[in-house]
Amino acid sequence: MALILGIESSCDETSVAIVENGESVLSEKTASQINIHALYGGVVPEIASRYHLEKISILVKMVFEETKIDPKKISAIAVTYGPGLVGPLLVGLSYAKALSFALKVPLIGVNHMIGHLNAVFLFDKNIDFPCAVLMISGAHTEIVYMKSMDDFEILGKSIDDAAGEAFDKVARMLDLPYPGGPQIDKISKDGKPIYKFTKPKTVGKYDFSFSGLKTHIRYFLKDNPGVKVEDVAASFQETVSSILIEKIVKAAKAYNVRDVVIAGGVAANSAVRRKTEEAGRKNDLVFHFPPLRYCTDNASMIAAAGWHDYKAGKFADFNLNAVPNLEV
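Owing to the predicted nature of the structure, the values given are computational and were not obtained by experimental measurement. (Residues numbered from 1 in each chain as written. Predicted model: local features only at pLDDT ≥ 70, side-chain atom pairs only at ≥ 80, totals over all residues. Heavy atoms only, no water.)

A. Seen up close, the side chain of Glu142. Tracing the backbone through its elements, the reader meets Glu142 in strand E7 (residues 140–148). Summary of buried charges: Glu142 has no salt-bridge partner, and the nearest side chain of opposite charge, Lys157, is 5.9 Å away. Setting aside its immediate chain neighbours within four residues, Glu142 contacts Val133, Leu134, Met135, Gly156, Lys157, Glu327 and Val328. (Helix = DSSP H or I, 4+ residues; strand = E, 2+ residues; numbered from the N terminus. Buried < 20%, exposed > 50% of the residue type's maximum accessible area, 1.4 Å probe, protein only. Lys, Arg positive; Asp, Glu negative; His and termini not counted. Salt bridge = Lys/Arg side-chain N within 4 Å of Asp/Glu carboxyl O. Contact = heavy atoms within 4.5 Å.)

B. Molecular detail of the layout of surface pockets. Taken as a whole, the second largest pocket spans an internal volume of roughly 350 Å³. A total of four residues in the lining of the second largest pocket trace back to one element, the largest contributor, which is helix H10 (residues 299–312). Across the lining of the second largest pocket, the residue classes break down as nine nonpolar, four polar and four charged. (1 Å grid on protein atoms, 1.4 Å probe; cavity = no way out; pocket = protein on both sides within 12 Å on 5 of 7 lines; lining within 4 Å. Points joined across faces, edges and corners; volume = space filled by probe spheres on them. Nonpolar A, V, L, I, M, F, W, Y, C, P; charged D, E, K, R; others polar.)

C. Main features of the nonpolar core. Formed by 46 residues in total, the largest nonpolar core has its most connected members in Phe210, Phe236, Leu244, Ile262 and Phe287. Taken together, the elements giving at least two residues each to this core come down to strand E6 (131–137), E7, helix H5 (163–173), helix H6 (180–188), helix H7 (211–223), helix H8 (229–254), strand E9 (259–263) and helix H9 (270–283). One finds Ala31, Tyr51, Tyr81 and Leu89 within the second-largest nonpolar core, a separate group that totals 27 residues. (Core = buried A, V, L, I, M, F, W, Y, C linked by side-chain atoms within 4.5 Å.)

D. A look at the environment of Ile143. Structurally, Ile143 can be placed in strand E7. Judged by its relative accessible area of 0%, Ile143 is buried. With 16 residues separating them along the chain, Ile143 and Ile127 place their C-alpha atoms 17 Å apart. The residues contacting Ile143, other than those within four sequence positions of it, are Val133, Leu134, Glu153, Ile154, Leu155, Gly156, Tyr206, Phe208, Lys247, Ile248 and Ala251.

E. Highlighting the sheet that holds strand E2 (residues 13–20). Spatial ordering of the open sheet is given by E3-E2-E1-E4-E5, a layout of five strands whose pairing is mixed. Whereas interior strands pair on both sides, the edge strands pair on one side only; in this sheet they are strand E3 (24–32) and strand E5 (107–111). Going from strand to strand, the sheet's axes swing by 20° on average, the running direction of each strand aside. Here five bridges tie strand E4 (residues 76–82) to E5, and the two strands are oriented parallel to one another. Looking across to E5, one finds that Ala78 is bridged to Ile108. (Pairing = 2+ DSSP bridges. Axes fitted to C-alpha atoms, helices over the stretch in contact; angles between N-to-C directions.)

F. Main features of the pattern of salt bridges. For the structure shown, the criterion picks out twelve salt bridges. Between Lys61 and Glu65 there is a salt bridge; the shortest N-O distance is 4.0 Å. Of this pair, Lys61 and Glu65 both sit in helix H2 (residues 45–67), four residues apart, which is roughly one turn of that helix. Judged by relative accessible area, which is 53%, Lys61 ranks as exposed. The shortest N-O distance in the salt bridge between Asp161 and Lys214 comes to 3.0 Å. One end of the pair, Asp161, is in the loop between strand E8 (151–157) and H5; the other, Lys214, is in helix H7, with 53 residues separating them in the sequence. Accessibility expressed as a relative area gives 12% for Lys214, which makes it buried. Salt bridges sharing common partners tie together Glu238, Arg274, Lys275 and Glu278.

Here it is in structure tokens:
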């Protein structure tokens, strides 16, 4: 039995979890900073770092108390070391190193995006390899071809704004509060996708570009000051979700896979989920999502990802540093 303590602090959620054998969440505690950063319209790195410092020890104590597990029984500590905000990353990384040293257990550095991927596999045991993956989280939008958990190829990625960034920027144009993605999704339910916005073209077959779409909406709002915000939100969301699903379906068919994994925060978007149902029926594809609460940043996914490295004996030393722009 392997008990992995996961620590996640890459942005505006401090999260700690204990996961057994990469498949059973024994305890998870998360402290969100959304209400704090909403005052500023986005994440303020310095404030985020201070909040992580305040909460991380408390959350670690809570998961051990809830599970009644002796800290000395932990097999390894998995921690996010990138991508993310450098200050918040360093808080979690420094704490993980200290705990690893004190408990004399291995330290495992986890790529945050691989963590999001594991949020799906953690709860869904019916995914066959090879499979196609659409990563849509924050500043990342990528299509990946997976042959196994540790053998994958990036087929395409965002060449400018990622989908999550586009949601946040358009939300600000619409005077919606932070975080933008959930707010657009919410008000879209009261609107209709009646506007046909630009679908930017990209050089790569599986690459993404949302910068032109964002610019189109900025000028559209300038030229149409009395437009109904809910309709703009619904039309924007319809455009983004269409681009995402069209590309991942194209990749799945080209690589002859049936299982498609959707991971990351934007995986919670209702239009994305609705379009996968339609695409699945039409193209004989099976789409796999994380549970809604695990679309956002959490430590269970970090611990689950760490478990694979633990089995393979892939450990980090205390020179491990934060890598804000870490690639998949």
